[in-house]
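# Chain and residue survey
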Amino acid sequence: MMKELFGAVTLAAALTVGLNAQAQDQEKVLIGTEGAYPPFNYIDSDGELAGFDVEIAKALCDAANFNCEFVVQDWDGIIPGLLAKKYDAIIASMSITEERKEVVDFTDKYYQTPAKFVKPEDMDLEIPEDIDEAAEVLDGMTVGVQRATIHENFLKDNFPNVDLSLYASQEEANLDLTNGRVDLVMADSVVLLEGFLNQDEGADYEFVGPDYSEKEWHGEGVGIAVRPGEDELLEAFNEAIAEIRENGTYKEINDKYFDFDAYGS
């Protein structure tokens, strides 16, 4: 009996040492995310970070053998926070654009979805496919958009006579739409669908106009941002993206949130 007990204690001690050694072998990586962009990243009813970005980040960290922790950061300070070394990578639905590539490096994309406008159902409005014609139709209208996003840049450059109302979060823009302070909002189509239109507060609203995926403004998809020169970290994330796409983990997470492949073509 004593021999069996000693053997069990020895095995337990060995397992503990092994787990500790494994944890020490893992590289600690801090992940910056917004926590206010459902269904991609948000704070759930238990006060925990949740969403597609968050689950993808955890899967990538497992694949890369990283010990990851999350840091919540407001969107308009998220790149400055990375450059200030508050975290090591941004996984927060950040589109890969030429402007951003001047200050950060990006991995390959991990999803790609178009932008759209949303309007009240009772508004008589059609938005043409042609951007110049659409700009004429929206001349003088007020559009809510999240500050420091690709959508703000797209509207400023292509809809110069639209009155933009800028917000710290998409949820604030949606709220002003329901309060009648703006005529339309623009954002990622999935964010608008899952975070607004499919919610009670979005019942009387609908998409209007075409999908927008203009590379100059909307980029090459959504990637992970790291500081310039962090080549090993970037490559580790790229390998992890390929691995979870291949082994089915990506699809498993994708299917929890969407009925289509968010990765895009």
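Since the model is a prediction, treat every value here as computed from it, not as a measurement.

Rules used in this analysis
Each chain has its residues counted from 1, following the order in which its sequence is written. With the structure being a predicted model, the display of local features is reserved for residues of pLDDT at least 70 and the display and counting of side-chain atom pairs for 80 or more, all residues being used for whole-chain, interface and lining totals. Side-chain calculation: all heavy atoms of the structure are included, whereas hydrogens and water are not. Axes here refer to lines fitted to C-alpha atoms; in helices the fit is confined to the stretch in contact. Angles between the N-to-C directions go from 0 to 180 degrees. We count a stretch as a helix when DSSP gives it H or I for four or more residues in a row; a strand needs E for two or more, and each element gets its number in order from the N terminus. Handedness of each helix crossing follows the sense of rotation of the near helix against the far helix: counterclockwise by less than a right angle gives left-handed, clockwise gives right-handed. Residues are treated as being in contact if the distance between any of their heavy atoms lies within 4.5 Å. All residues other than Ala, Val, Leu, Ile, Met, Phe, Trp, Tyr, Cys, Pro, Asp, Glu, Lys and Arg, Gly among them, are scored as polar; the first ten of these are nonpolar and the last four charged. Note on ring pairs: Phe, Tyr and Trp rings are taken, using the six-membered ring of Trp, and paired if centres are within 6.5 Å. Classes follow the plane angle, with under 30 degrees stacked, over 60 edge-to-face and the rest tilted. Each residue's exposure class comes from its accessible area (1.4 Å probe, protein chains only) as a fraction of the maximum for that residue type: buried when under 20%, exposed when over 50%, partly exposed otherwise. When the NZ atom of lysine or the CZ atom of arginine is within 6 Å of a ring's centre and also within 35 degrees of its normal, the charge is said to sit over that ring. Salt bridges are defined as contacts in which a side-chain nitrogen from Lys or Arg sits within 4 Å of a carboxyl oxygen from Asp or Glu.

### What to know about the packing of helix 7 (residues 170–178) against helix 8 (residues 189–197)
Look at helix 7 against helix 8: their axes get within 11 Å of each other, and the N-to-C directions meet at 60 degrees. The element helix 7 and its partner helix 8 pack so that their crossing is right-handed. Between helix 7 and helix 8, the residues in contact are Gln 170, Asn 174, Leu 177 and Thr 178 and Val 191, Leu 192 and Phe 196, respectively. For the contact of helix 7 with helix 8, the residue count by class is four nonpolar, three polar and no charged.

### Some thoughts on the packing of aromatic side chains
Overall, the coordinates contain 19 aromatic pairs when judged by the stated rule. Centroid distance Phe 40 to Phe 52: 5.9 Å. Interplanar angle 80 degrees. Geometry classified as edge-to-face. Taken as a pair, Phe 40 in the loop between strand 2 (36–37) and strand 3 (41–43) and Phe 52 in helix 2 (residues 52–63) lie far apart in primary sequence, twelve residues in all. As far as the burial class goes, Phe 40 and Phe 52 line up, both buried. Taking the centre distance of 6.1 Å and the plane angle of 45 degrees together, the rings of Tyr 257 and Phe 258 count as tilted. A relative accessible area of 17% places Tyr 257 in the buried class. For Phe 258, a relative accessible area of 4% translates into the label buried. Through a chain of ring-to-ring contacts, three or more aromatic side chains come together here, namely Tyr 37, Phe 40, Phe 52, Tyr 110, Tyr 111, Tyr 250, Tyr 257, Phe 258, Phe 260 and Tyr 263. Directly above the aromatic system of Tyr 263 lies the positively charged group of Lys 109, at a separation of 4.5 Å from the ring centroid.

### Let's talk about the pattern of salt bridges
Counted according to the given criterion, the structure contains 13 salt bridges. Measuring nitrogen to oxygen at the nearest pair gives 3.4 Å for the salt bridge that ties Asp 261 to Arg 245. Of this pair, Asp 261 sits in the segment after helix 11 (249–257) while Arg 245 sits in helix 10 (residues 231–246), and the two are 16 residues apart along the sequence. When the shortest N-O distance is used, the salt bridge between Lys 251 and Asp 255 registers 2.6 Å.

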